[in-house]
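Read off the chains here:
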Amino acid sequence: LATLGVDPLAELATAMSMQAVAKMGWFNPQDVTNLLWSIAKLGLNPGAELVSAISRRSVEIAGDFRSQNVSSVMWSLATLGMEPGAELATALVRRAVSITGDFIAQDLSSLMWALATLGMEPGAEMTTAMLTHAVAIAETFDSQAVANLMWALATLAIQPGAELMSAMSRQTLAIEGKVDSQHVSNMMWSLATLKLQPGAELLSAMSRRAVMIADSFKSQGVANLMWALATLGLKPCTELALAMSRQAVVRSHDFNPQEVANLLWALATLSMEPESELVKAMTGRAVAMAGLFNAQDVSNVMWALATLGMEPEVELATAMLRRGLEIER
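Criteria and cut-off values
- Per-chain numbering applies: the sequence of each chain, read as written, is numbered from 1 onward.
- Confidence filtering applies because this is a predicted model: local features only for residues at pLDDT of at least 70, side-chain atom pairs given and counted only at 80 or more, and all residues used for totals across whole chains, interfaces and linings.
- Water and hydrogen atoms were dropped before computing side-chain values, which therefore reflect all heavy atoms in the structure.
- Strands are runs of DSSP state E lasting at least two residues, helices are runs of H or I lasting at least four, and both sets are numbered from the N terminus onward.
- Here's how the labels work: a residue is buried when its accessible area is under 20% of the maximum for its type, exposed when over 50%, partly exposed in between, all with a 1.4 Å probe on protein chains only.
- Surface accessibility follows the Shrake-Rupley procedure with a 1.4 Å probe radius. Residue values consider only the protein chains on display as shielding.
- In this tally Asp and Glu are treated as negative and Lys and Arg as positive; neither His nor the chain ends contributes.
- For this purpose, a charge sits on NZ of Lys, CZ of Arg, CG of Asp or CD of Glu.
- Salt bridges, as used here, are contacts in which a Lys or Arg side-chain nitrogen is within 4 Å of a carboxyl oxygen on Asp or Glu.
- The nonpolar core is taken to be a set of buried Ala, Val, Leu, Ile, Met, Phe, Trp, Tyr and Cys residues, with the residues joined through side-chain atoms within 4.5 Å.
- Contacts are assigned to residue pairs with any non-hydrogen atoms lying within 4.5 Å of each other.
- An expected span of 1.5 Å times one less than the residue number is assigned to each helix.
- Lines fitted to C-alpha atoms define the axes, with helix axes restricted to the stretch in contact, and inter-axis angles between N-to-C directions lie between 0 and 180 degrees.
- When describing relative orientation, an angle under 35 degrees is termed roughly parallel and one over 145 degrees roughly antiparallel, while 65 to 115 degrees is termed roughly perpendicular and anything else oblique.
- Here a crossing is taken to be left-handed if its near helix is turned anticlockwise relative to the far helix by less than a right angle, and right-handed if that turn runs clockwise.
- In the scheme used here, Gly and all other residues not listed as nonpolar or charged are polar, with Ala, Val, Leu, Ile, Met, Phe, Trp, Tyr, Cys and Pro taken as nonpolar and Asp, Glu, Lys and Arg as charged.

**Student:** Got a minute to help me understand the overall build of the chain in this structure?
**Tutor:** Along its length, the chain carries 17 helices and zero strands. Seen through its principal axes, the chain has C-alpha atoms that stretch 70 × 45 × 35 Å. Sorting the 329 residues of the chain into buried and exposed places 50% on the buried side. For the chain, the accessible area works out to roughly 16,000 Å², and carbon and sulfur atoms hold 53% of it. For the chain, the separation between the mean place of its 21 positive charges and that of its 31 negative charges on side chains is 1 Å.

This is how it looks when you write it as structure tokens:
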């Protein structure tokens, strides 16, 4: 059903859940993996009893898990927003370390993504094992795997080290024509978050690719890319600046408060005078969502406009002032 994208009826889901709990002692690693993956893919609430049964069974048979099982179980839990209990987490980490050499790029990056999504520190032993293996199989990474791994490292504040950074950069250059917008924004956001400069060749490739696929960037991608460049002190080339500006206008209705604030902050930090259409789109969006802004967003928007020498229109100034007063209360 999950593979077909078919949402089961509530009665069927409940019946299957109850049966799975009853038969859990017969489940092998692939059975556990498939069940949990299906639940996550369908966005179902598994319920405490089923989660508990799956966790207990996973701990019992963790020694038989393959790399794909470890990765998929963690991905599923992260997708469902459920942290594994201490016993299950320990069992899966221990198993991952013992079979690190079996991990393919997709499973490795998915596992690291899951840990980062759940805010779980992998520990020194697992980190060393995974990153060393990532270097060894770097040439097999596709665009999503690179993006997920780099995002995970940045989110967990784990420095990749020179060897892995070099390997991921080389692979990104090798697959430049297949790099998607998420890869571009995640790579640059990760480097900026980790305070790592991309190097001229990688920067050129990412800029060139971003211009080519600009119309596929979502609001988050535009904001993150521009924020990253500003954080690293890298002014985008004219073509990239124009492409991101136009896409921001097109996607303006999707921008959330942080994205609006980050984009304006980036433009001001880089001393880039935005086109009037972009300013109108972003300030209009800010007025529409003023009630959702936090203190940092309000501050960044007002600072950016002041730095750019732009006096906010009355409606925006009133909305930001009102929101600031609400937050102070």
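**Student:** Got a minute to help me understand the pattern of salt bridges in this structure?
**Tutor:** Within the structure shown, the criterion is met by four salt bridges. Of the charged contacts, one joins Glu 60 and Arg 57 as a salt bridge, the two residues approaching to 3.0 Å between their closest N and O atoms. Placement of both Glu 60 and Arg 57 in helix H3 (residues 48-61) is noted, with a separation of three residues, approximately one turn of the helix. The class of Glu 60 is exposed, set by a relative accessible area of 57%. Of the charged contacts, one joins Glu 326 and Arg 323 as a salt bridge, the two residues approaching to 3.2 Å between their closest N and O atoms. Of this pair, Glu 326 and Arg 323 both sit in helix H17 (residues 314-328), three residues apart, roughly one helical turn. The exposure class assigned to Glu 326 is partly exposed, which follows from its relative accessible area of 35%. Arg 323 gets classed as buried once you look at its relative accessible area, which sits at 18%.

**Student:** Before we go on, may I ask you to explain the nonpolar core in this structure?
**Tutor:** For soluble globular proteins, nonpolar side chains are generally found buried alongside one another. In this structure, Met 74, Leu 111, Phe 141, Leu 149, Leu 225 and Val 260 are the most contacted members of the largest nonpolar core, which totals 102 residues. Leaving out residues up to four positions away in the same chain, Met 74 has contacts with Pro 84, Leu 92, Leu 111, Ala 114, Leu 115, Leu 118 and Met 120.

**Student:** I tried to follow helix H15 (residues 276-288) on my own but got confused; where do I start?
**Tutor:** For an α-helix, 3.6 residues make a turn, and residues three or four places apart therefore share a direction. The end-to-end C-alpha distance of H15, which contains 13 residues, comes to 18 Å, matching closely the 18 Å that a straight helix rising 1.5 Å per residue would cover. Considering only its buried residues, H15 is in contact with helix H13 (238-250), helix H14 (257-269) and H17.

**Student:** What is the right way to read the side chain of His 133 from this model?
**Tutor:** Residue position: His 133 is located in helix H7 (residues 124-136). Among the residues examined, His 133 registers a relative accessible area of 12% and is labelled buried. Sequence-distant contacts of His 133, that is, excluding residues within four places in its chain, are made with Thr 100, Gly 101, Phe 103 and Leu 108.

**Student:** In this structure, what is going on with the packing of helix H9 (residues 161-174) against helix H10 (residues 181-193)? I would like to understand it.
**Tutor:** In a packed pair of helices, the relevant descriptors are the angle between the two axes and the axis-to-axis distance. Two numbers describe how H9 lies on H10: the axes approach to 13 Å, and their chain directions differ by 155°. Taken together, the axes of H9 and H10 are roughly antiparallel relative to one another. For the element pair H9 and H10, the recorded crossing hand is left-handed. When H9 is examined against H10, the residues Met 165, Met 168 and Thr 172 are found in contact with a partner set consisting of His 183, Met 187 and Leu 191. Taken together, the residues of the contact of H9 with H10 break down into four nonpolar, two polar and no charged.

**Student:** Honestly, the packing of H10 against helix H11 (residues 200-212) in this entry has me stumped. Any pointers?
**Tutor:** With their axes 10 Å apart at the nearest point, H10 and H11 run at an angle of 145° to one another. Crossing geometry of H10 relative to H11 is assigned as left-handed. Side by side, H10 and H11 meet where Val 184, Met 187, Met 188 and Leu 191 of the first sit next to Leu 202, Leu 203, Met 206, Arg 209 and Ala 210 of the second. Split into classes, the residues belonging to the contact of H10 with H11 amount to eight nonpolar, no polar and one charged.

**Student:** Just to check I follow, could you spell out the environment of Phe 217 for this structure?
**Tutor:** Within the secondary structure layout, Phe 217 lies in the loop between H11 and helix H12 (219-231). For the pair Phe 217 and Met 74, spaced 143 residues apart in sequence, the C-alpha to C-alpha distance is 28 Å. In contact with Phe 217, not counting residues within four places along its chain, are Ser 181, Val 184, Ser 185, Ala 210, Val 222, Leu 225, Met 244, Gln 247 and Arg 251.

**Student:** For this particular structure, what's the right way to read unusual backbone geometry?
**Tutor:** One can expect most non-glycine residues to show negative phi and most peptide bonds to be in trans. Residue Lys 195 is not a glycine yet carries a positive backbone phi of 60°. When you line up the elements, Lys 195 lands in the loop between H10 and H11. For Ser 271, which is not a glycine, the phi torsion comes out positive at approximately 55°. Relative to the assigned elements, Ser 271 resides in the loop between H14 and H15. Accessibility expressed as a relative area gives 56% for Ser 271, which makes it exposed.

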